[in-house]
Amino acid sequence: MGKSKKKQKKAAAEPAGTPDPVVETDAGTPFSDALRVGDDFVLADVDPRATPEFDGGKAEGKAALQEVDDELDALQEMLFAGSTAGDRRRVLLVVQGMDTAGKGGIMRHVVGAVDPQGVQIRAFKKPTEEEKQHPFLWRIRKALPEAGMIGVFDRSHYEDVLVVRVHDLVPPAQWARRYATINEFEQGLVDDGVTLIKVMLHISPEEQKERLTERLERPDKYWKYNPGDVDERAHWEAYQEAYQAVMDRCSTEAAPWFVVPADRKWYARLAVQRLLLEHLRALDLRWPPADFDVEAEQERLAAS
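As the structure is a prediction and not an experimental result, all values here were calculated from the model.

> Where do I start with the packing of helix 4 (residues 69-83) against helix 13 (residues 265-282) in this structure?
The axes of two packed helices give the description: the angle between them and the distance between them. Direction vectors running N to C along helix 4 and helix 13 enclose 45°, while the axes themselves pass 10 Å from each other. The angle between helix 4 and helix 13 falls in the class oblique. When the axes of helix 4 and helix 13 are compared, the crossing they make is left-handed. Each of Asp69, Glu71, Leu72, Leu75 and Leu79 in helix 4 lies in contact with helix 13, whose residues at this interface are Gln273, Leu276, Leu277, Leu280 and Arg281.

> Would you mind showing me how to read the sheet that holds strand 1 (residues 90-97) here?
Each strand in a sheet pairs with its neighbour through backbone hydrogen bonds, running either in the same direction (parallel) or in the opposite one (antiparallel). The strand order across the open sheet built from 5 strands is 2-3-1-4-5, with neighbouring strands paired in parallel fashion. Two strands close off the open sheet at either side, each with one partner strand: strand 2 (119-123) and strand 5 (257-261). In this sheet, neighbouring strand axes are inclined to one another by 20° on average, regardless of whether the strands run parallel or antiparallel. The pairing of strand 1 with strand 3 (residues 150-154) spans 5 bridges and is classified as parallel. Looking at the pairing, Leu92 lines up with Gly151 of strand 3.

> Would you explain helix 10 (residues 205-217) in this entry?
Counted at 1.5 Å a residue, the expected span for helix 10 with its 13 residues is 18 Å, and the 18 Å between its end C-alpha atoms agrees. For helix 10, the complete set of buried residues consists of Glu207, Gln208, Arg211, Leu212 and Arg215. Looking straight down helix 10, one finds its buried side chains confined to an arc of 135°; they lie on one side. Among the exposed residues of helix 10, those oriented more than 90 degrees off its buried face are Glu206, Lys209, Glu210 and Glu217. In the core, the buried residues of helix 10 are packed alongside helix 11 (227-233), helix 12 (236-250) and helix 13.

Definitions and cut-offs
Residues numbered from 1 in each chain as written. Predicted model: local features only at pLDDT ≥ 70, side-chain atom pairs only at ≥ 80, totals over all residues. Heavy atoms only, no water. Axes fitted to C-alpha atoms, helices over the stretch in contact; angles between N-to-C directions. Helix = DSSP H or I, 4+ residues; strand = E, 2+ residues; numbered from the N terminus. Parallel < 35°, antiparallel > 145°, perpendicular 65-115°, else oblique. Left-handed = near helix turned anticlockwise from the far one by under 90°. Contact = heavy atoms within 4.5 Å. Pairing = 2+ DSSP bridges. Expected span 1.5 Å × (residues − 1). Buried < 20%, exposed > 50% of the residue type's maximum accessible area, 1.4 Å probe, protein only. Arc of directions from axis to C-beta.

Fair warning: the whole summary comes from geometry, so function is off the table for now.
Structure below.
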């Protein structure tokens, strides 16, 4: 992992094992508490244009997004550094949402703020013929992040209780069993040192229509337009029911869901960034100590 000159100077000034200072930029309730799916959660009650825990507008939101880029980058590097000393902890950010909900923007504006060498991104599309020959979690297990990494899933194993359910791709008894399988799988991940952050970007059908319309009006957006997205709009209510079932059955103590209002792109990016930051802070990361005699190496280097 390469270091910028700024990071090199900071590392030289601080002894091994000293944590970076935490920049407390957030006031009030943590985003992790405000957006967490709890008991009696009702997806239909969430306003997609709301901005929980943020009182500013678009300009302030964009500025706030940049305020903690350096801290996020430093925490990611500390996570990776720890893996070189045997720390097996890693982070998995799962991002779900209807088409045009802003998953790509999260990849660019949030995940893109950290060193790409420390990130593993996987987008899950329609299963291949090979993947269909295996249990539904087979392709998910193959894509899990390694120790020290931040893994990001653009869609995930939840497609197998969302799309599959809405379009009757397998018998109801089959997809109904998958909720328990998913909970067991995620508990195993957490037990193995994975910090799991599951985010649903909650967009309204009106906002989705506006975003699809823009793609048809701008030649530079044609490549993002998929005629199938219009077909999926006919199943909007069925998808909302499927997402509600996911929240009811798979938001657990070990791996809760977070629902982020996504009609305002700038807010969704800020909220997901803060969720990632808060979870990284909670890991209480430290630079690993040297496994060699520092003074002896300084003397050898000076004499070389």
